[in-house]
Amino acid sequence: MLRKPILLTLAFAALPAFAQTPIRITADLTEAPRKLYHAEIDLPVKPGPAAFTTPEWIPGNHRPTGPVEDITGVVFTANGKVLPWRRDDEDLYQFHVVVPAGVTTLHAHLDCIVTGRADDKIAVLEWEKLLLYPANKPVRDIPVQPSITVPAGWGIGTALTPVTPYDPNTKPGGTIQYEATNVEQLQDSPVIAGEYFHEFTLAPEVTPKHYIDVVSDEPKDSNLRPELLNEISNLVRETGAAYDSRHYHVYHFLLTLSDITGGEGLEHGQSSDNGVGEHDFASQQGQLGASDLLAHEFTHSWNGKYRRPFNLYQDDFHKMQQGSLLWVYEGMTQYLGNVLAARSGLKSQAAYRDMLALSAAQLDYKSGRIWRPTEDTAIAASILRGRDQSWANWRRGQDYYQEGELFWLDADTKIRELTDDQKSLTDFLHIFLGKGGNTGPLIVTYNRDELVKDLNDVVKYDWATFIHERIDLINPHADFDGITRGGYKIVYQDHPSPSLAQLMGGRRGGGSYWYLGLAISPDGSIYDVRWGSPADKAKLAPGQKLIAVDGVVYSNAAFNDAIDAAKTSKEPIHLLMQTESYIKPIDIDYHDGQRYPAMVRVDGTKDYLDEITAPLTKSPTPPATPAAPAGN
Ligand SMILES: [Zn+2]
């Protein structure tokens, strides 16, 4: 049966659109340094029993991460009197209250103990930390009017629209009120705030408007380099050419630069919540590890937020968000994020190839692929995410990202080959992501049949089988067809590629000796062993610790030297291992030396890879202008 995509028009604009009185919520972020957020919430009610809830399944997290265990200090009052509440016995996210006669507004106070993304200088609010709203109702039908309180001198970045004109660069502090929206859209509109805050306008000639809001722990870091701002402006322009539509009224990249508040990448329709280390964007070379983050999360505004798998979308945050199409939602975004990062100059074409070689080689040596198909890594996403790394190679993990990247490269080069380079995946994206033209923030669901139909609208081919063979079936090897068709091949060298060397900080060797079948922490602790590898045959296991290598106390250098020495020796590598309270010798019979993946050009073939990563736009890239008032 062909499921028609369901078009869901989201009411999110002005207050009069709602028949109901909105919930009013004020988020107080002034205690971010103490890792506490507070909310004061006015809930329109009728007398009698009522149930209120906090969110459980958080869009983009692909698992039930609503922080119910961190929500504390819950007090309901009506007309100044405290009311008793009782948690639901089955749904632990729900609170039951009996509203007294004559009461039309219930007040709720709650606190959230924040476990990350907040410190002395920075506060990040994903609204599920503070939201409380009527249970068992579609969240798009619940109006809510938000306000945000921050300390004086702190700037606020968000895609929410201030009710009164607000210039983020004057940083007045206090409470800023925002236009009413609905609970679905508020959850999709995070906030960053901080003392060291900058807002920059991007690609000023593009409509709608794009901004990047930056906060950092140190004063100078939020003032991004002009070259980086140009690259992000290029990214805005490249999405116009690649996706041929936009599905937001305004877009805010929200970026935290901090070694304290931690890494993050979470997509939203009109913004993205990006967290990197304090200096990760400080230099062109040093930004390699974070080079696709903004492009990935921005791409999700189209692929993931606007176009959403039919079973991943649920109309409230309590129904399970099902992951079977995450190889599209995340996999195609993984592909496009890296491609658009290269097209925008956030990374070089050579770095794109180096990183793809590394990812492809790791997938090819992933032993779990002999039992778990790619689709199952997506279906099982919510139980695979956040698991520890022991036997991760055998577990296989969330390979729908990287397998999806290879899949969509395969599809892109296949379209180019079938059409004699007249068409590409870009033609598919214009159809698939551009349905309905430019829109505000909508959710339009799809299923696999629609993907097949849209691919066939680009070029006739047996796309259903193409998908089935690569996604549903066991494939003992990773899909290198896109790389081969792209004019390159994967080879193994005794030295890392320039990009890998950059990521490893100039070290040889490193944590992931995948060819040997070992992943090692800096202190010598093994955190993963590859099934079927030399390390597996030697009966090494996660949790063991390397004490000595060939009679020398373990160090990264000593281990590399032993691997090199074994190349010209018949002797195995002699290890001394600690397993809990025991010490024992273990030999690994391995003589192939250090092996690092790289991509080399195959002469005489069409170079699709460099064609794919070349910019689509030829704009003059004027410098990003400094902060403009965020009239939104
Ligand atoms: Zn993603």
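Structure first, text after, so check above.
The rules behind each value
- Residues numbered from 1 in each chain as written.
- Predicted model: local features only at pLDDT ≥ 70, side-chain atom pairs only at ≥ 80, totals over all residues.
- Heavy atoms only, no water.
- Helix = DSSP H or I, 4+ residues; strand = E, 2+ residues; numbered from the N terminus.
- Rg over C-alpha atoms; globule rule 2.2 N^0.38 Å.
- Buried < 20%, exposed > 50% of the residue type's maximum accessible area, 1.4 Å probe, protein only.
- Contact = heavy atoms within 4.5 Å.
- Areas by Shrake-Rupley, 256 points an atom, 1.4 Å probe, with all protein chains shown as cover.
- Donors = N, O, S within 2.8 Å, 3.2 Å for Na, K, Ca; no water.
- Arc of directions from axis to C-beta.
- Lys, Arg positive; Asp, Glu negative; His and termini not counted.
- Salt bridge = Lys/Arg side-chain N within 4 Å of Asp/Glu carboxyl O.
- Polar contact = N/O pair within 3.5 Å; in protein donor to acceptor, adjacent residues only side chain to side chain.
- Patch = residues over 30% accessible without salt bridge, like charges linked within 9 Å, V, L, I, M, F, W, Y side chains within 5 Å.
- Charge placed at Lys NZ, Arg CZ, Asp CG, Glu CD.
- Core = buried A, V, L, I, M, F, W, Y, C linked by side-chain atoms within 4.5 Å.
- Pairing = 2+ DSSP bridges.
- Axes fitted to C-alpha atoms, helices over the stretch in contact; angles between N-to-C directions.
- Phe/Tyr/Trp six-rings, centres within 6.5 Å; stacked < 30°, edge-to-face > 60°.
- Lys NZ or Arg CZ within 6 Å of the ring centre and 35° of its normal.

S.K.: Sorry if this is basic, but what is going on with the overall build of the protein chain here?
M.R.: Each helix and strand in the protein chain was counted, giving 18 helices and 32 strands. By the compact-globule yardstick of 26 Å for 632 residues, the protein chain fits well, its C-alpha radius of gyration being 26 Å. Projected onto the principal axes, the alpha-carbon positions of the protein chain cover approximately 90 × 65 × 55 Å. Buried positions account for 58% of the 632 residues belonging to the protein chain. Put simply, of all contacts in the protein chain between residues at least 6 apart along the chain, 73% involve residues at least 24 apart. Of the roughly 24,500 Å² of accessible surface on the protein chain, a fraction of 54% belongs to carbon and sulfur atoms.

S.K.: Honestly, the coordination of the zinc ion in this entry has me stumped. Any pointers?
M.R.: Six octahedral donors around a metal ideally make angles of 90 or 180 degrees; four tetrahedral donors ideally make 109.5 degrees. Binding of the zinc ion to the protein goes through His 296 (NE2), His 300 (NE2) and Glu 330 (OE), at separations of 2.0 to 2.1 Å. Here the donor residues of the zinc ion are spaced in sequence according to H-x3-H-x29-E. In this structure His 300 comes out as buried when scored by relative accessible area, which is 0%.

S.K.: Mind showing me how you'd approach helix H13 (residues 463-472) here?
M.R.: Residues spaced three or four apart along an α-helix point in a common direction, a consequence of the helix completing one turn every 3.6 residues. Taken residue by residue, H13 has Trp 463, Phe 466, Ile 467 and Ile 471 as its buried positions. Down the axis of H13, the buried set is contained in an arc of 95°. They therefore lie on one face. Here the buried face of H13 lies against helix H4 (326-329), helix H7 (374-379), helix H10 (400-418) and helix H12 (448-458).

S.K.: For this particular structure, what's the right way to read the side chain of Asp 111?
M.R.: Tracing the backbone through its elements, the reader meets Asp 111 in strand E9 (residues 105-113). The side chain of Asp 111 sits in the buried core without any salt bridge; Arg 34 is the nearest counter-charge, 8.8 Å away. At a separation of 2.7 Å, a polar atom in the side chain of Asp 111 contacts the side chain of His 109. Residues within four places of Asp 111 in sequence aside, it is in contact with Tyr 37, His 38, Asp 70, Ile 71, Thr 72 and Gly 73.

S.K.: Explain the pattern of salt bridges here, please?
M.R.: A side chain with one charge can pair with a side chain of the opposite charge if their charged atoms come near. Under the counting rule described, the total for this entry stands at 33 salt bridges. Between Arg 117 and Asp 273 there is a salt bridge, with the nearest N and O atoms lying 2.8 Å from each other. Placement of the pair is Arg 117 in the loop between E9 and strand E10 (122-125) and Asp 273 in strand E21 (residues 271-276), with a sequence separation of 156 residues. Among the ionic contacts, a cluster of salt bridges with common partners joins Asp 410, Lys 414, Glu 417, Glu 469, Arg 470, Asp 479, Asp 481 and Arg 485.

S.K.: What's the story with a negative patch on the surface in this structure? I'm lost.
M.R.: A surface patch of negative charge is lined by Asp 550, Glu 571, Asp 587 and Asp 589. Examined against the element boundaries, Glu 571 turns out to sit in the loop between helix H17 (556-566) and strand E30 (573-579). Residue Glu 571 is classed as partly exposed on the basis of its relative accessible area of 47%.

S.K.: So what exactly am I meant to see when it comes to the side chain of His 62 here?
M.R.: With respect to the element layout, His 62 can be found in the loop between strand E4 (48-53) and strand E5 (71-78). Within the local environment of His 62, its side chain forms a polar contact with the side chain of Glu 330, the two groups lying 2.7 Å apart. In this structure, His 62 is in contact with Trp 57, Glu 267, Leu 326, Tyr 329, Glu 330, Ala 381, Ser 382, Arg 385, Tyr 400 and Tyr 401, ignoring residues within four places of it in sequence.

S.K.: Just to check I follow, could you spell out the nonpolar core for this structure?
M.R.: A general feature of soluble globular proteins is that nonpolar side chains tend to end up buried together. Ile 212, Phe 253, Trp 327, Trp 408 and Phe 428 are the most contacted members of the largest nonpolar core, which totals 78 residues. Take this core: its biggest share by element is 8 residues, from H10. Not counting chain neighbours up to four residues away, the residues in contact with Ile 212 comprise His 198, Glu 199, Phe 200, Leu 202, Leu 224, Leu 229, Ile 232, Phe 253, Leu 255 and Leu 294. The next biggest cluster of nonpolar side chains, apart from the first, holds 50 residues, and it includes Ala 39, Val 74, Leu 131 and Leu 132.

S.K.: It is not clear to me how the sheet that holds strand E13 (residues 155-158) should be interpreted in this structure. Could you clarify?
M.R.: Note: strands within a sheet are paired through backbone hydrogen bonds, in either parallel or antiparallel orientation. Pairing in this open sheet of 3 strands is antiparallel, and the strands run E10-E16-E13 from one edge to the other. Looking along the sheet, the strands with just one partner apiece sit at the ends: E10 and E13. Neighbour-to-neighbour, the strand axes of the sheet open up by a mean angle of 15°, direction not taken into account.

S.K.: Help me understand the pairing of E5 in this model?
M.R.: A regular strand places its side chains on the two faces of the sheet in alternate fashion. As judged from the 5 bridges shared by E5 and E9, these two strands associate in the antiparallel manner. What sits directly across from Val 75, in E9, is His 109. Joining the antiparallel neighbours E5 and strand E6 (residues 81-83) is a turn of 2 residues, in which Asn 79 adopts a positive phi near 50°.

S.K.: It is not clear to me how the packing of aromatic side chains should be interpreted in this structure. Could you clarify?
M.R.: Two descriptors summarise a pair of aromatic rings, namely the distance from one centre to the other and the angle between the planes of the rings. According to the stated counting rule, one finds 33 aromatic pairs in the structure shown. Arranged with centres 5.8 Å apart and planes meeting at 85°, the rings of Tyr 248 and Trp 302 form a pair that is edge-to-face. Pair noted here: Tyr 248 is in the loop between helix H2 (226-243) and strand E19 (250-257) and Trp 302 is in the loop between helix H3 (293-299) and strand E22 (307-309), with a separation of 54 residues, a long-range link. Just as Tyr 248 is buried, Trp 302 falls in that class too. When the ring of Phe 428 is compared with that of Phe 432, the centres are 5.2 Å apart and the planes differ by 10°; the resulting orientation is stacked. One end of the pair, Phe 428, and the other, Phe 432, are both in helix H11 (residues 425-432), 4 residues apart, so they sit about a helical turn from each other. The buried category is assigned to Phe 428, whose relative accessible area is 0%. Ring pairs connect the aromatic residues Trp 327, Phe 407, Trp 408, Phe 428, Phe 432, Tyr 446, Tyr 461, Trp 463 and Phe 466, which therefore count as one cluster. Directly above the aromatic system of Tyr 492 lies the positively charged group of Arg 595, at a separation of 4.5 Å from the ring centroid.

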